Amino acid sequence: MAYGLDVSALCRRGSVYDYNRLDPADLREFFTLGHTLGWDIGIHAIGDRAHHEAARAFADVLAAHPAEHRHNLIHGYFATDESLQHMARYGLAVVIQPTFIYYEGDDLFRDVGPDLAARYKPMRTYLDRGIRVIATSDVPSTVHFNPFIGLYSLVTRKTWKGTLIAPDQAVSREEALFAYTVAGSWLTREEHLKGPLAPGFLADMVVLDRDYFTCPVEEIKEIQVEMTILGGRVVYAREGMIGER
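Here the structure is a predicted model, which means the values were calculated and not measured.

**Regarding the pairing of strand 7 (residues 233-237)**
Argument step 1. With four bridges connecting them, strand 6 (residues 225-230) and strand 7 associate as antiparallel partners. Among the inter-strand pairings, Thr-228 is bridged to a residue of strand 7, identified as Tyr-236.
Argument step 2. Between strand 6 and strand 7, which pair antiparallel one after the other, the connecting turn spans two residues, and Gly-231 there sits at a positive phi close to 60°.

**Some points on the side chain of Arg-119**
Argument step 1. Topologically, Arg-119 is positioned in the loop between helix 6 (113-117) and helix 7 (123-128).
Argument step 2. Salt bridges are absent for the buried Arg-119, whose nearest opposite-charge side chain, Asp-48, sits at 4.7 Å.
Argument step 3. Looking at Arg-119, its side chain comes within polar contact range of the main-chain oxygen of Ala-79, at 2.9 Å.

**Some words on the sheet that holds strand 7**
Argument step 1. An order of 5-6-7 is seen for the three strands of this open sheet, with the pairing classed as antiparallel. The open sheet is flanked by strand 5 (205-208) and strand 7, the only strands paired with a single partner. With strand direction ignored, the average angle separating the axes of adjacent strands in the sheet is 20°.

**Points about helix 3 (residues 48-64)**
Argument step 1. Over its 17 residues, helix 3 runs 24 Å from end to end, which matches the ideal 24 Å to within 8%, given 1.5 Å per residue.
Argument step 2. Burial runs high along helix 3: 12 of the 17 residues are buried.
Argument step 3. Residues of helix 3 that are buried: Asp-48, Arg-49, His-51, His-52, Glu-53, Ala-54, Ala-55, Ala-57, Phe-58, Ala-59, Val-61 and Leu-62.

**What about the packing of helix 2 (residues 24-36) against helix 3?**
Argument step 1. As a packed pair, helix 2 and helix 3 sit with axes 9 Å apart at the nearest point and diverge in direction by 50°. Judged by the inter-axis angle, helix 2 sits oblique to helix 3. Of the two possible hands of crossing, helix 2 and helix 3 adopt the one that is right-handed. Residues Pro-24, Leu-27, Arg-28, Phe-31, Thr-32 and His-35 of helix 2 lie in contact with helix 3, whose contacting residues are Glu-53, Ala-54, Arg-56, Ala-57, Phe-58, Asp-60, Val-61 and Leu-62.
Argument step 2. A breakdown of the residues in the contact of helix 2 with helix 3 according to their chemical character gives eight nonpolar, two polar and four charged.

**Here's the deal with the sheet that holds strand 4 (residues 133-135)**
Sheet strands associate in pairs through backbone hydrogen bonding, adopting either a parallel or an antiparallel arrangement.
Argument step 1. The strand order across the open sheet formed by four strands is 1-2-3-4, and the pairing between neighbours is parallel. Here the strands that pair on one side only, and so sit at the sheet edges, are strand 1 (42-45) and strand 4. Across the sheet, the mean angle separating the axes of adjacent strands is 25° when strand polarity is ignored.
Argument step 2. With four bridges joining them, strand 1 and strand 2 (residues 72-75) adopt parallel strand pairing.

**Some thoughts on the environment of His-52**
Argument step 1. Here His-52 shows up in helix 3.
Argument step 2. For His-52, a relative accessible area of 3% corresponds to the buried category.
Argument step 3. Considered as a pair, His-52 and Phe-78 are 26 residues apart in the sequence and their alpha carbons are 8.8 Å apart.

**As for the packing of helix 5 (residues 99-111) against helix 8 (residues 147-156)**
Argument step 1. Closest axis-to-axis distance for the helix 5/helix 8 pair is 6 Å, and the angle between their directions is 70°. If you check the angle between helix 5 and helix 8, you find them roughly perpendicular. Residue-level contacts link Thr-99, Ile-101, Tyr-102 and Tyr-103 of helix 5 to Ile-149, Gly-150, Tyr-152, Ser-153 and Leu-154 of helix 8.
Argument step 2. Partitioned by chemical class, the residues of the contact of helix 5 with helix 8 number six nonpolar, three polar and no charged.

Conventions and cut-offs
- Residues numbered from 1 in each chain as written.
- Predicted model: local features only at pLDDT ≥ 70, side-chain atom pairs only at ≥ 80, totals over all residues.
- Heavy atoms only, no water.
- Pairing = 2+ DSSP bridges.
- Helix = DSSP H or I, 4+ residues; strand = E, 2+ residues; numbered from the N terminus.
- Buried < 20%, exposed > 50% of the residue type's maximum accessible area, 1.4 Å probe, protein only.
- Lys, Arg positive; Asp, Glu negative; His and termini not counted.
- Salt bridge = Lys/Arg side-chain N within 4 Å of Asp/Glu carboxyl O.
- Polar contact = N/O pair within 3.5 Å; in protein donor to acceptor, adjacent residues only side chain to side chain.
- Axes fitted to C-alpha atoms, helices over the stretch in contact; angles between N-to-C directions.
- Expected span 1.5 Å × (residues − 1).
- Parallel < 35°, antiparallel > 145°, perpendicular 65-115°, else oblique.
- Left-handed = near helix turned anticlockwise from the far one by under 90°.
- Contact = heavy atoms within 4.5 Å.
- Nonpolar A, V, L, I, M, F, W, Y, C, P; charged D, E, K, R; others polar.

The structure is reproduced here in structure tokens:
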């Protein structure tokens, strides 16, 4: 799939797109300040222009001030080819909220048209370009906190009505789960402490009512948590399992 953007057209005076919450020049100033202070910066970038300008500003700052970082674009709805190049080259991550696919995907065709809808939350493209993807709930502002609906959305690219949204951007069950678990520990600089189920890491895990990896794909969104364990301690158990802790 080709990714392109006519930035000059978007910047025309009077265009419905001619609005920025932050001027691109201000972005560079703010990014430079935060980056040189050693902060990890995350910025909301939903529209294609916002994504494009944020990635370009990060690239300029990182080219001028090379240093280790965990900077990221939040939401990452519509990537342009140039922004993908910047993200891959400078190690910019993307933080997506997959439940939006399920609950709001049908509105995309009305709101942005079929061309942009076909590029919505392009996780397959991000991964294929070597860009780190972290999946989160966006609670409390999101439509739902349920990670299994998010996992279902990433694997099937289906909305609650069954509409396919950019089906070529579907990923495997393993890739979706990694984005929801291990990837997040990198973003918070805790990859030495948690994320994988391995010796020496926090015993954070859940017991599910079915096998996520082998159950019929339509059942992924129906998965229920039987027990939650944090740091080796049971903090939640469904009715009927309390006595088994």
